[in-house]
Amino acid sequence: MATTRFNASLRIAEAAGMFVALAGVVVLGGWALGSDYVTSVNPDWMPTMPLTAVTFVLAGTSLFLLPRGTVGQGGPVQRLSALVLGAAVAAVGVWRLALHALGASSPWDTLGFTPPPGEDFMPVLTALGLALAGAALVVTARRVLHPPAQVAAALLLVLGWLGLARYLYGGDTSGVPFLMSMPAALLFAVLGVGLIFARPEGGFVQIWNSDTAGAILLRRLLPTAFLVPVLVGWLRLMGERAGWYGLETGLAVFAMSNVIVFASIAWRTGARLHREDLRRREAEGAVAMERDFSNALIDGLPGVFYLYNREGRFLRWNRNFERVSGLSASEMLRIHPLEVIAAADQARVRERIEEVFTRGVSDVEAAFRAKDGTETPYFFTGIRVEFRGESCLAGVGIDIAERVRAEERVRELNADLERRVAARTAELEAKNRELETFTYSVSHDLKAPLRGIDGYSRLLEEEHQERLDEEGRRFVRAVRQASQQMGQLIDDLLAYSQVERREVRLAPVDPREVLASLPEICREEIRERGVELVVDLPDARARADAQALTQVLRNLVDNAVKFSSAAQAPRVEVGGRVEDDRYLLWVRDNGIGFDMKFAERIFDIFQRLHRVEEYPGTGVGLAIVRKAVERMGGRVRAEGEPGRGATFTVELLHQP
Amino acid sequence: MNPGPSILLVEDNPMDVDLTLRAFGRRHLTNRVDVARDGEEALACLARWEGGEAPPAVVLLDLKLPRVDGLEVLRRLRASEAGKAVPVVVLTTSGENVDVRRAYELGANSYIIKPVNFEKFVEVAAQIELYWTVLNARPTA
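Residues numbered from 1 in each chain as written. Chains lettered and ligands numbered in written order. Predicted model: local features only at pLDDT ≥ 70, side-chain atom pairs only at ≥ 80, totals over all residues. Heavy atoms only, no water.

## With respect to helix H19 (residues 621-631) of chain A
So, step 1. For H19(A), the set of buried residues is Leu622(A), Ala623(A), Ile624(A), Val625(A), Lys627(A), Ala628(A) and Val629(A).
So, step 2. Following H19(A) by one or two positions, Gly633(A) has its phi on the positive side, about 80 degrees. (Buried < 20%, exposed > 50% of the residue type's maximum accessible area, 1.4 Å probe, protein only. Helix = DSSP H or I, 4+ residues; strand = E, 2+ residues; numbered from the N terminus.)

## Quick look at the domain arrangement of chain A
So, step 1. For chain A, the assigned domains read domain 1 (2-210), domain 2 (211-297), domain 3 (301-399), domain 4 (406-486) and domain 5 (506-655).
So, step 2. Centre-to-centre, using C-alpha coordinates, domain 3 of chain A lies 73 Å away from domain 5 of chain A. (Domains from an automatic or database assignment.)

## Brief notes about the sheet that holds strand S5 (residues 110-113) of chain B
Residues and elements named next belong to chain B.
So, step 1. What the five strands build is an open sheet, ordered S2-S1-S3-S4-S5; its pairing is parallel. Looking along the sheet, the strands with just one partner apiece sit at the ends: strand S2 (33-36) and S5. Direction aside, the axes of adjacent strands within the sheet are offset by 20 degrees on average.
So, step 2. Helix-sheet contacts for helix H1 (residues 14-26) involve strand S1 (7-10), S2 and strand S3 (58-61), and the interaxial angle to S2 is about 170 degrees.
So, step 3. Strands strand S4 (88-92) and S5 of the sheet are contacted by helix H4 (residues 97-105), whose axis makes an angle of about 155 degrees with S5. (Pairing = 2+ DSSP bridges. Axes fitted to C-alpha atoms, helices over the stretch in contact; angles between N-to-C directions. Contact = heavy atoms within 4.5 Å.)

## Focus: the packing of helix H2 (residues 39-50) of chain B against helix H3 (residues 70-79) of chain B
The relative placement of two packed helices is expressed as an angle between their axes plus a distance between the axes.
All names here are of chain B.
So, step 1. Here H2 crosses H3 at 10 degrees, and the two axes come no closer than 10 Å. If you check the angle between H2 and H3, you find them roughly parallel. H2 and H3 meet at a crossing whose hand is right-handed. Here Gly39, Ala42, Leu43, Leu46 and Trp49 of H2 come into contact with H3, specifically with Val73, Arg76 and Leu77.
So, step 2. A class-by-class count of the residues in the contact of H2 with H3 yields six nonpolar, one polar and one charged. (Parallel < 35°, antiparallel > 145°, perpendicular 65-115°, else oblique. Left-handed = near helix turned anticlockwise from the far one by under 90°. Nonpolar A, V, L, I, M, F, W, Y, C, P; charged D, E, K, R; others polar.)

## Remarks on the packing of aromatic side chains
Residues and elements named next belong to chain A.
So, step 1. Inspection of the entire model under this criterion finds 18 aromatic pairs over all chains.
So, step 2. Summarising the aromatic geometry, the rings of Phe368 and Tyr378 are spaced 5.1 Å apart at their centres and angled 40 degrees between planes, so their arrangement reads as tilted. Of this pair, Phe368 sits in strand S3 (residues 361-369) while Tyr378 sits in strand S4 (residues 375-387), placing them 10 residues apart in sequence.
So, step 3. The class of Phe368 is buried, set by a relative accessible area of 1%.
So, step 4. Linked through ring pairs, Tyr306, Tyr308, Phe314, Trp317, Phe321, Phe368, Tyr378 and Phe380 together constitute an aromatic cluster.
So, step 5. Here the basic side chain of Arg166 rests over the ring of Tyr167, its NZ or CZ set 5.6 Å away from the ring centre. (Phe/Tyr/Trp six-rings, centres within 6.5 Å; stacked < 30°, edge-to-face > 60°. Lys NZ or Arg CZ within 6 Å of the ring centre and 35° of its normal.)

## Considerations on unusual backbone geometry
All names here are of chain A.
So, step 1. A positive phi angle, close to 55 degrees, is found at Leu111, a residue other than glycine.
So, step 2. With respect to the helices and strands, the residue Leu111 is situated in the loop between helix H4 (76-102) and helix H5 (124-141).
So, step 3. With a phi close to 55 degrees, Asp580 is a non-glycine residue in the positive phi region.
So, step 4. Looking at the secondary structure, you find Asp580 in the loop between strand S9 (571-579) and strand S10 (582-589).
So, step 5. Accessibility expressed as a relative area gives 67% for Asp580, which makes it exposed.

## Description of the pattern of salt bridges
So, step 1. Taken as a whole, this structure holds 53 salt bridges over all chains when the rule is applied.
So, step 2. A salt bridge links Lys114(B) to Glu11(B); the nearest nitrogen and oxygen atoms lie 2.6 Å apart. Of the two residues, Lys114(B) is situated in the loop between S5 and helix H5 (118-135) and Glu11(B) in the loop between S1 and H1; the sequence distance between them amounts to 103 residues. Note on accessibility: Lys114(B) and Glu11(B) belong to one class, buried.
So, step 3. Linked by salt bridges that have partners in common, Asp454(A), Arg458(A), Glu461(A), Glu462(A), Arg480(A) and Glu119(B) make up one network. (Salt bridge = Lys/Arg side-chain N within 4 Å of Asp/Glu carboxyl O.)

## Points about the nonpolar core
Residue and element names in this part refer to chain A.
So, step 1. Counting 48 residues, the largest nonpolar core has Phe56, Leu63, Leu66, Leu191 and Leu195 as the members making the most contacts within it.
So, step 2. Elements that contribute at least two residues to this core include exactly helix H1 (2-33), helix H3 (50-70), H4, H5, helix H6 (147-168) and helix H7 (182-198).
So, step 3. Residue contributions to this core peak at 11 residues, all from H7.
So, step 4. Those residues in contact with Leu191 that lie beyond four places of it in its chain are Val20, Phe56, Ala59, Leu63, Ala133 and Leu156. (Core = buried A, V, L, I, M, F, W, Y, C linked by side-chain atoms within 4.5 Å.)

## A short note on the sheet that holds strand S5 (residues 390-399) of chain A
Residue and element names in this part refer to chain A.
So, step 1. The five strands lie next to each other as S2-S1-S5-S4-S3, forming an open sheet whose pairing is antiparallel. Edge positions in the sheet fall to strand S2 (314-317) and S3, since each has one partner strand and no second. Taken pair by pair, the neighbouring strands of this sheet meet at an average axis angle of 25 degrees, ignoring direction.
So, step 2. Direction of pairing for strand S1 (residues 304-309) relative to S2: antiparallel, over a ladder of three bridges. Bridging from a neighbouring strand, Leu307 pairs with Arg316 of S2.
So, step 3. Across the sheet, helix H13 (residues 346-359) touches S1, S3, S4 and S5, and the angle it forms with S3 is around 150 degrees.

In structure tokens form, the structure reads like this:
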């Protein structure tokens, strides 16, 4: 809308310029043809001087070029041309005024044509108009807009108007210095209007073109104010001259007509302004409501709200911000956002603010520092928003003191827990060392006397045989047997505690390799007892500790060989398979088996299901098996039936 | 018959000393067996070697000894000029892995666990004597 009016204004100026220039040319044509009607409009009226016509051509061309040279799409050529032409017009005007002042005449006014005597010079008023027009053109052609040019243009319009009105009312011939030709008056008026419209970015036209109530009033009233009184005055004059009424009646009618016309226009315009005003108030109400809403919104936020621009000037904030910071509204306007951040966090917060402006969004945890110096942990968010045409940061800060305290508590608890675990670990390590010392003592101190018992009973048996009777020798044998058994028991116990204490390292282990590495002494015993050993293991690996698995397999095979040897065709089978993520490994025999009610107890230490005379042993072997398997994170179970053999299954993790 | 090179037995348990001597006696070998009853006595022997006395063909060293324990004796032996080249066989009841490793680290030449069974012990004694006093070559003085 505004752009359309703006461009229309430029077109008006251009059209005015063209009209003036062409009119000048037409007047010159009139001189050439000797036509009074062209040069004077009415042969009774004074003609327009040829020089004046030429100057109007220059002025019109200058005005035509002005809009393109200044605010339009034209270049410096148009602008300079307009300027030069304008200067020429001014020069002619000023030169003629100067001649008038000196009382001299000009030989150039007629340009060789011959107007009637007494009317063969450019009148003072025309010279003044030309000087005014030239000055207005020169000033308007400058880049900067100058109010005097507008005033000059308005004066030009008034001047032209005055001349026109005179001719309208009959064109009296008295007061010669104020005369000007009818075409000159018209062209001055047109030039004035064109000049006013030539620079619509400022001056009268800027107001004229706008949407304000004042502009509406101007657009309606001004043309009427220019035209109506003149027209009404003309009607009154005509009526008086026709003798329809006298001077007084004529004046009354004139005044009344003006009153009616202006009153009606004023009423219509006033009514329209009234409606505009109501609409505006309504809009203002809506804006106020919107503002109240946003105020309520930001004041209702749980944290502090802030909106500041790139320079760090606060544009909006909520009441919480003032409450938490202890700053007044006027103080808020003076401070930089970093001033409410604890010194230690400022560098970090500055970085994040920069990030908001470059990347659009960021957040940061930092301490909010109030005016009185108290610092509170806050979580600040920020997003980049466009506000009043500039990039701003809008965000909310939330008090996270409670959360930070909770985290602190968790940290403290963790530290305490770690301390306690460390203390407990140290305690356990001490216990473990104690246990090691104990087992060391067991292995050393318990075995030494045992060796004495065995050694001396052997010596007694050998060297004092003749002094012992058969019963005595039997006693000595029993003593030796008992000591051997005790020695075995100590060794087994040591092996058991070894399994307990030794570090377990889980790695991929192939049970086939473990089985192949069983000591020769084992195989020999298998052969001696006539046991058939069948191995059927899959091509797979288990997650196990090689040494622990060796002990497990050895004990299970030993066990199976021992309890199957009484069978008709003793047979021990070692098998395995992968099931889901597990590796199942079993040792099956066809020996004496056991009652399933002992399935669990069979793994307990010192647990024996048979008498020593039948099957020698200490009852530690299977306990070692269970302990070793458990330490590898696996499980072991036993299945059996009296007289039909037993199966021991070890469950380990499969190593893909 | 020339007496063979001597053997030094470091052992505190009198029963073990007696049995060891008997075990050696069984084979009727002629090596002299000296006995140190604790770590200090063993270190006293070391002092005599430093004085010029011929060191034994082998030292049989128990680990658990009163006053100065076996591993310490071994360490001092290996640290001394006179004792660093003397073969040392650890002869003890403990089969603990830590002991075995530590003994070798300190420079033991062999580590043998004393069997409880007397026949086996006699066998072990005979093998030690045969190996270290007859088969094993030593530098001459």
